[in-house]
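Below are the chains, spelled out letter by letter.
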Amino acid sequence: MIGLISATSAGAAARDRLAAAWPERTRVYEGPVGDAVRAAFAECEQLVCFLATGAVVRLVAPLLGDKASDPGVVCVDEVGRFAVSLVGGHGGGANELAREVGELLGAEPVVTTATDAVGLPGLDTLGFPVEGDVAAVSRALLDGEPVALDAELAWPLPALKVTAEGAYVVRLTDRLVEAAEREVVLRPPSLVVGVGASKGAPVDEVLGLVESSLAGAGLSAKSVAELATVDAKSEEPGIVEAAERLGVPLVTYSAEELAAVEVPNPSDAPLAAVGTPSVAEAAALARGGELLVPKRKSERANGLPAMATCAVVRRPARGRLAVVGLGPGARDLLTPRAKAELQRASVLVGLDQYVDQIRDLLRPGTRILESGLGAEEERARTAVAEARKGQAVALIGSGDAGVYAMASPALAEASDDIDVIGVPGVTAALAAAAILGAPLGHDHVSISLSDLHTPWEVIERRVRAAAEADIVVTFYNPRSRGRDWQLPKALAILAEHREPTTPVGVVRNASRPDESGRLTSLGSLDPATVDMMTVVTVGNTATRDIAGRMVTPRGYRWQTAEEGAQ
């Protein structure tokens, strides 16, 4: 919950805007400011104070305890010009909150955390539990001192400025080790704990067994990604509460799924009770991995029978491939999700000219693998291969990566051994449509006229189908020096079904500095004025030129009304 505090009517107005925008996330604290700050500090994960920073400093100073547990505090000035991350930039999420508040209120976010200022990811913001001397290792990264990465597991990390050797170390491990001097230990979510329990098994018995099994094997409970069990135990209170206390999800499988998993220690007891010869081991191994702790039973006083079993598996590390659409070229049409994925990647793969568009957004240390035109399949293979090594990879394409871009060759290359994340982007067709007016207001289709990968016979069949179906058509790759006849041929096919006065929009370099757009007609368009940087949108029989804008109505009522008037 975010506590909102203000002292003046101007501050209250901005406060109320936040409260209205985030009704489920915020709580307004009224009354004397000092009392409100103290109450919010005790009750909320974050605070936004519409007060002077000096006043907030004096109010929160006596309340500060530990950076790991203190709420994040953001200050917004009286006029709403700045949103200042004051306390808990990383641990309390104040840096990101300042950016969110700034976006909503039109204020400039002010973030002074050293790593954020130079574009380095904070070691406590990587999404993993972190232990050790975070301040010293972060300072070494900032100062350019050699920091070694000791990754015992191939787990996808964002770009870090690390070396093979160094006086400072970032260690990635799920083993139960103490961080040495000048060392930070990151805990990847690499462990799956399978659990079984008799009806009514106490949570302390289940949790005690899990914790003792991990400790006995020298494994960290902070690397547990999930508890797993059979469907029949999905609501068993001891198992459910154990997962809650560990702060991990409870994943369940059907008895049939678990019965199909080969395990070293099957038993007749669970087979009779829930229909599978193994619960703990089978649930832990359901998605593969290395069995580190075979089935263990809990121990009870007075020789009572055990009520819980568990097994521990180290799941395979999975690389991460984000296929990112950069949009048509303008920076403000690059989505926030795309920016986040670019900064999460340790490896970037892309066409050289697209890499140049976003090079400044990459984290220091990002490895860039760029190539020229015509190497799409090679880039796809490279991106998938890097992900299979356990890297966090971003494969970029213009527009939307799934539209005439890199998603299809990459996914044709990828199997289920890596995680694939698709990040949509604004397509050239949409960017051009916004410039032209509303040409895509009804059914529409995009057709590439490039016959480098698709035989012309197939393309022509598709153009004829769109012409006969009276669908608005946007042509990609309409004309190049070596392909100058395809666009005239496609326009001629459309002209068999549409009047010469049918509106046609021609947009070149949509959203870029040298953008140009014009409205013409099917009978007047000169194909020689079109090149590969252009998209051509041809209207249907209902599309009209209205005040110089290309408009396709959502229905055919306009056309019907006009025909009736005639």
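A few points on the structure. (Residues numbered from 1 in each chain as written. Predicted model: local features only at pLDDT ≥ 70, side-chain atom pairs only at ≥ 80, totals over all residues. Heavy atoms only, no water.)

## Some points on the overall build of the protein
Part 1: Each helix and strand counted, the protein has 19 helices and 28 strands in total.
Part 2: Partitioning the contacts of the protein with sequence separation of at least 6, the portion at a separation of at least 24 is 64%.
Part 3: In the form shown here, the protein has an accessible surface area of approximately 26500 Å², with 51% of it arising from carbon and sulfur atoms.
Part 4: Across the protein, the centroid of the 54 positively charged side chains sits 2 Å from that of the 74 negatively charged ones. (Helix = DSSP H or I, 4+ residues; strand = E, 2+ residues; numbered from the N terminus. Contact = heavy atoms within 4.5 Å. Areas by Shrake-Rupley, 256 points an atom, 1.4 Å probe, with all protein chains shown as cover. Lys, Arg positive; Asp, Glu negative; His and termini not counted. Charge placed at Lys NZ, Arg CZ, Asp CG, Glu CD.)

## Some details on the sheet that holds strand 10 (residues 183-186)
Part 1: The strand order across the open sheet built from four strands is 7-10-9-8, with neighbouring strands paired in mixed fashion. Of all the strands in the sheet, the pair left with one neighbour each is strand 7 (130-132) and strand 8 (147-151). Across the sheet, the axes of successive neighbouring strands diverge by a mean angle of 20°, strand direction being ignored.
Part 2: Note that strand 9 (residues 168-172) and strand 10 share four bridges and pair parallel. What sits directly across from V169, in strand 10, is E183.
Part 3: The strands that helix 6 (residues 134-143) touches are strand 7, strand 8, strand 9 and strand 10; relative to strand 9, the one it contacts most, it runs at about 115°. (Pairing = 2+ DSSP bridges. Axes fitted to C-alpha atoms, helices over the stretch in contact; angles between N-to-C directions.)

## Considerations on the environment of N509
Part 1: Among the structural elements, N509 can be located in the loop between strand 24 (503-508) and strand 25 (516-521).
Part 2: A sequence separation of 170 residues divides N509 from K339, and the C-alpha atoms of the two residues are 22 Å apart.
Part 3: With residues up to four places along the chain from it excluded, the contact list for N509 reads D514, E515 and M533.

## Quick notes on the nonpolar core
Part 1: Among the nonpolar cores identified, the biggest contains 24 residues, and V193, V195, V210, L214, V224, L227 and V312 are the most heavily contacted of them.
Part 2: Secondary structure elements with two or more residues in this core: strand 11 (191-197), helix 7 (203-216), strand 12 (224-230), helix 8 (237-246) and strand 15 (308-314).
Part 3: If you tally residues by element for this core, the top one is helix 7, at six residues.
Part 4: In this view, V312 contacts L191, V192, V193, L214, L219, E290, L291, L292 and V293; residues no more than four positions away in its chain are not counted. (Core = buried A, V, L, I, M, F, W, Y, C linked by side-chain atoms within 4.5 Å. Buried < 20%, exposed > 50% of the residue type's maximum accessible area, 1.4 Å probe, protein only.)

## Considering the pattern of salt bridges
Side chains carrying opposite charge are able to pair once their charged atoms draw close together.
Part 1: Evaluated as defined, the whole model comprises 32 salt bridges.
Part 2: For E370, the salt bridge identified is with R359, shortest N-O distance 3.5 Å. On the criterion of sequence distance, the pair formed by E370 in strand 18 (residues 367-371) and R359 in the loop between helix 13 (352-358) and strand 18 is long-range, its members being 11 residues apart.
Part 3: Looking at R359, the relative accessible area reads 35%, which means it is partly exposed.
Part 4: With a shortest N-O distance of 3.4 Å, E386 and K389 are connected by a salt bridge.
Part 5: On the basis of relative accessible area, E386 is assigned to the buried category, the value being 7%.
Part 6: Looking at K389, the relative accessible area reads 52%, which means it is exposed.
Part 7: The structure contains a network of salt bridges with shared partners spanning D150, E152, R171, R175 and E183. (Salt bridge = Lys/Arg side-chain N within 4 Å of Asp/Glu carboxyl O.)

## Focus on the pairing of strand 12
Part 1: Among the seven residues in strand 12, seven count as buried, and that is most of the element.
Part 2: Where strand 11 meets strand 12, four bridges bridge the pair, whose relative direction is parallel. Residue pairing in the sheet places V193 in a bridge with L227 of strand 12.
Part 3: A crossover links strand 11 with its parallel partner strand 12, the connecting element being helix 7, and its sense is right-handed.
Part 4: Two elements, strand 12 and strand 13 (residues 250-253), share four bridges in a ladder whose sense is parallel. (Right-handed = clockwise from strand over helix to strand, strands pointing away.)

## Let's talk about the packing of aromatic side chains
Part 1: Counted according to the given criterion, the structure contains two aromatic pairs.
Part 2: When the ring of Y404 is compared with that of Y476, the centres are 4.7 Å apart and the planes differ by 50°; the resulting orientation is tilted. Pair noted here: Y404 is in the loop between strand 19 (392-397) and helix 15 (407-413) and Y476 is in strand 23 (residues 472-476), with a separation of 72 residues, a long-range link.
Part 3: According to the relative accessible area criterion, Y404 is partly exposed, its value standing at 45%.
Part 4: Between W456 and W485, the aromatic rings sit 5.0 Å apart at their centres with planes inclined by 70°, giving edge-to-face as the arrangement. (Phe/Tyr/Trp six-rings, centres within 6.5 Å; stacked < 30°, edge-to-face > 60°.)

## Observations concerning unusual backbone geometry
Part 1: You will see that R182, though not glycine, has its phi angle at about 60°, which is positive.
Part 2: As for its position among the elements, R182 is in the loop between strand 9 and strand 10.
Part 3: Even without a glycine there, the phi angle at N509 is positive, about 55°.

## Some details on the environment of T366
Part 1: Structurally, T366 is set in the loop between helix 13 and strand 18.
Part 2: Polar side-chain contacts of T366 include one of 2.7 Å to the backbone oxygen of R363. (Polar contact = N/O pair within 3.5 Å; in protein donor to acceptor, adjacent residues only side chain to side chain.)

## Things to note about the sheet that holds strand 12
Part 1: Taken together, five strands build an open sheet; the order of strands is 13-12-11-15-14 and the sheet is mixed. The outermost strands of the open sheet, each flanked by one partner alone, are strand 13 and strand 14 (290-297). Geometrically, the sheet is characterised by an average inter-axis angle of 25° between neighbouring strands, direction not taken into account.
Part 2: Alignment of strand 11 against strand 15, held across seven bridges, turns out to be antiparallel. Residue pairing across strands places L191 opposite R314, the latter belonging to strand 15.
Part 3: Its contacts with the sheet put helix 7 on strand 11, strand 12, strand 14 and strand 15, and the angle it makes with strand 15 is roughly 35°.
Part 4: Strands strand 11, strand 12 and strand 13 of the sheet are contacted by helix 8, whose axis makes an angle of about 175° with strand 12.

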